[in-house]
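Architecture at a glance
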Amino acid sequence: MPSGKPKFYLTTPIYYTNGLPHIGHTYTTVVADAIRRYKRMRGYEVVMTTGTDEHGVNVERAAQKAGIPESEYVARMAVAWKALWDELGIPADEFIRTTDIQHVRTVQWLFKLCRENGYVYKGIYTGQYCIYDNAFVTEAKPGDNCPDCGRPTETVTEENYYFKLSAFQKPLLDFYKRNPAFIQPETRKNEIISFVEGGLKDLSITRTTVRWGIPVPGEEPHVFYVWFDALTAYLSAVGGPEYEKRGFWPCDLHLVGKDIIRFHAVYWPAFLMAAMLPVPKQVWAHGWFLMDASKMSKSKGNVVLPRPIANMLGMDAMRYFLMREVVFGQDGNFSYDALVTRYNSDLANGLGNLASRTAAMIEKSFGGKIPKPGPRLPQDEALAKAASETIGEALDRFEKFEFARSLEAIWAAIAAADKYLTSEQPWAMGDSEADIQRKATILWTTAELLRVVTILAHPVLPDSTAKVWTLLGQPGKVSAVELDGLRWGQLVAGVQLGKAQALFPRVDKQEAIERIEAMANEELNPTQAPAPAATPAPAATAGGAAAAPAPEKIGIEDFTKVEMRVGQIKTAERIVGADKLLKLTVDIGTEIRQICAGIAQFYEPEKLIGRKVAVVVNLAPRKLRGVESNGMIVAASVGPEGRPVLAGFPDEDVEVGARLK
């Protein structure tokens, strides 16, 4: 059934399967996901497409090196890419593979239209080809390196089909003039216009020296050259020849890296014009995250992997850093130091601290219910005015893809709220009627600002803002809030706060960097287990029994998934009907947790009060005998009966909440 909503279609590049995703690929996909979430909150029906480009000589050679068929090689790579996007919480609505049958048919259909309209002819090509960028380097001579990646080109002579790109110089320039926002940012538009004004040469769109590719029907051994193939994936993902049925073409936004802007802003619209098909509305070329002042590349050994960062700091922290650190469209430097610094300053000390402080004071002073504000003073009105202005500026900046400026405006409002609390000091007020009324106004105002920034930040921080939304006791999902209806003053008094959750626990910078780097090294250089022998007989011990198999080794990334902290037991009581269980409340530094522990037969509850213990804090909650347990106390298992002995810190002055490592 039609939704009645306006439609919005955006894409990432169709990533080439010559390796696994690094932070550069993740950056594009994170931005696409944030735009998708934002557009949905503005009332759009949105489709986001990503996928894998699986043809070409590079894939052919990689499969040969791996000793497996090309189809198996690309299938493995596609699974790995899709799995990582799913794991990081940025899955596409459409994941297209260039080996998918609907894509094959779309490429062949597009070629047929271009040929029927007189824009395709057969010829002989001799020139230099870069297998790494999958591009003919028309200006290169034999022995030259590729001007883009600096690696050697190869000389190719073969029969090709050519596309009459030269016929589209004027149509493209006219199109750019009629659609000034088609290429963004402005620097890239000027670059492309200059390139087209310099004259366009006809483009080879098939190969005969490569076997692994989509065949040209009736023209074997011709297979389609990668850009005629890969670019068409954007169309095949939303219906191909039947695109009108789904209603998402032409594409609203292609997000690409600056190194592939020419293919998207020149070749792709020319192909579509030749086939008399609608042209995309906008191509946005972002810059690169640089390491050591150069583009990330696995061959250079300077890649940054996303999974270790997400495992250590959380996916929201990585999303925030990528979109806050640089101006979209420009290059930026990536460093773990900057990442962790921004995590601690903006997330732990900023949003996380404001949420926990506000909730704790409402809990203490008003029984966990959002108070009804009393008369407003000028300082209250000033914060309300600042928040209202933030709504307008943050949305306007996001609409223009000025993500860093949008987040800057949101975090300025968070800083204003922190300053407001420090100035007003509601914690220092007494219990007189006037003080309680004043305190209610302050905390309602702070909670309302927290509600506003939570909604505004949701497209970038979907997981943590969902937790703040629950903490504020708000109905439904924050993702369902309509941004166009967001106003100051919509927080309802009397609503019960939800359960407090840890958002962004502060981390030690050096420790965090070391753990991220260790996990990255493990992922880039996985330990290969030795091949098993041909089922030998089990070795016998002196007593004649088979020796126990050695425990399976785990990687550091498995260990670092477990977060342990120092906790202090505040209360302990037995659970009726459960002989082995105690119900404990444990202070872990950021909150008080309820945890069930199977130690009742060995520890008296009253003797546990004040004891510092090791707590696993990132376990999913579960119920034991009907009582929710949110964490686990660490203990040794001693003797044949497995008697628990609590791990603790009896002789050390250890801060509650300290991370174990």
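Parameters at a glance
Residues numbered from 1 in each chain as written. Predicted model: local features only at pLDDT ≥ 70, side-chain atom pairs only at ≥ 80, totals over all residues. Heavy atoms only, no water. Helix = DSSP H or I, 4+ residues; strand = E, 2+ residues; numbered from the N terminus. Buried < 20%, exposed > 50% of the residue type's maximum accessible area, 1.4 Å probe, protein only. Contact = heavy atoms within 4.5 Å. Pairing = 2+ DSSP bridges. Axes fitted to C-alpha atoms, helices over the stretch in contact; angles between N-to-C directions. Parallel < 35°, antiparallel > 145°, perpendicular 65-115°, else oblique. Left-handed = near helix turned anticlockwise from the far one by under 90°. Nonpolar A, V, L, I, M, F, W, Y, C, P; charged D, E, K, R; others polar. Right-handed = clockwise from strand over helix to strand, strands pointing away.

Topic: the overall build of the chain
Assigned secondary structure in the chain consists of 20 helices and 24 strands. Each principal axis of the C-alpha atoms in the chain carries an extent, and together these give about 90 × 85 × 50 Å. The buried share among the 661 residues of the chain stands at 51%. Relative to all contacts within the chain whose residues are 6 or more apart in sequence, the contacts with residues 24 or more apart total 75%.

Side note on the pairing of strand β17 (residues 578-587)
Summarising the sheet, strand β16 (residues 564-575) and β17 pair through 7 bridges and their orientation is antiparallel. Directly across from Ile569, in β17, lies its bridge partner Val586. Across 6 bridges, the pairing between β17 and strand β18 (residues 592-597) is antiparallel. What sits directly across from Leu582, in β18, is Ala597. The antiparallel pairing of β17 with β18 creates a hairpin that spans 4 residues between the two strands, and Gly589 there sits at a positive phi of about 100°.

Observations regarding the packing of helix α15 (residues 403-424) against helix α16 (residues 433-457)
Between α15 and α16, whose axes approach to 10 Å, the crossing angle comes to 165°. It follows from the interaxial angle that α15 and α16 lie roughly antiparallel. The chirality of how α15 crosses α16 is left-handed. Along the contact surface, α15 presents Ile410, Trp411, Ala413, Ile414, Ala417, Tyr420, Leu421 and Glu424, while α16 presents Arg438, Thr441, Ile442, Thr445, Thr446, Leu449, Val453, Leu456 and Ala457. Classifying every residue of the contact of α15 with α16 by side-chain character gives 12 nonpolar, 3 polar and 2 charged.

Observations regarding the packing of helix α11 (residues 306-313) against helix α18 (residues 509-524)
Between α11 and α18, whose axes approach to 8 Å, the crossing angle comes to 140°. When the axes of α11 and α18 are compared, the pair comes out oblique. Handedness of the α11/α18 crossing: right-handed. On α18, the residues touching Arg307, Pro308, Ile309, Asn311, Met312 and Leu313 of α11 are Ala512, Arg515, Ile516, Met519, Ala520 and Glu523. Considering only residue class, the contact of α11 with α18 consists of 8 nonpolar, 1 polar and 3 charged.

Remarks on the pairing of strand β2 (residues 45-53)
Burial of β2 is extensive: 8 of the 9 residues sit out of reach of the surface. Strand direction decides the pairing type here: strand β1 (residues 7-16) and β2, joined by 8 bridges, are parallel. Directly across from Tyr15, in β2, lies its bridge partner Thr52. Following the backbone out of β1, through helix α1 (residues 23-41) and into the adjacent parallel β2, one traces a crossover that is right-handed. As defined by bridge partners, β2 adjoins strand β3 (residues 94-97) across 4 bridges and the pair is classed as parallel. Bridging from a neighbouring strand, Thr50 pairs with Phe95 of β3.

Side note on unusual backbone geometry
Leaving glycine out, the prevailing phi sign among residues is negative, and the prevailing peptide bond configuration is trans. That bond from Gln184 to Pro185 is cis: its omega, 0°, falls within 30 degrees of zero. Relative to the helices and strands, Pro185 resides in the loop between β7 (183-184) and α6 (186-197). Geometrically, the link from Glu220 to Pro221 is a cis peptide bond, its omega value of 15° lying close to zero. Positioned with a positive phi, Met276 is a non-glycine residue whose angle comes to about 60°. Mapped onto the fold, Met276 is located in the loop between α10 (261-274) and β12 (283-286). The residue Phe401 is not glycine, and still its phi comes out positive at about 65°. Note that Phe401 resides in the loop between α14 (378-399) and α15. Take Phe401: its relative accessible area is 9%, and that puts it in the buried class.

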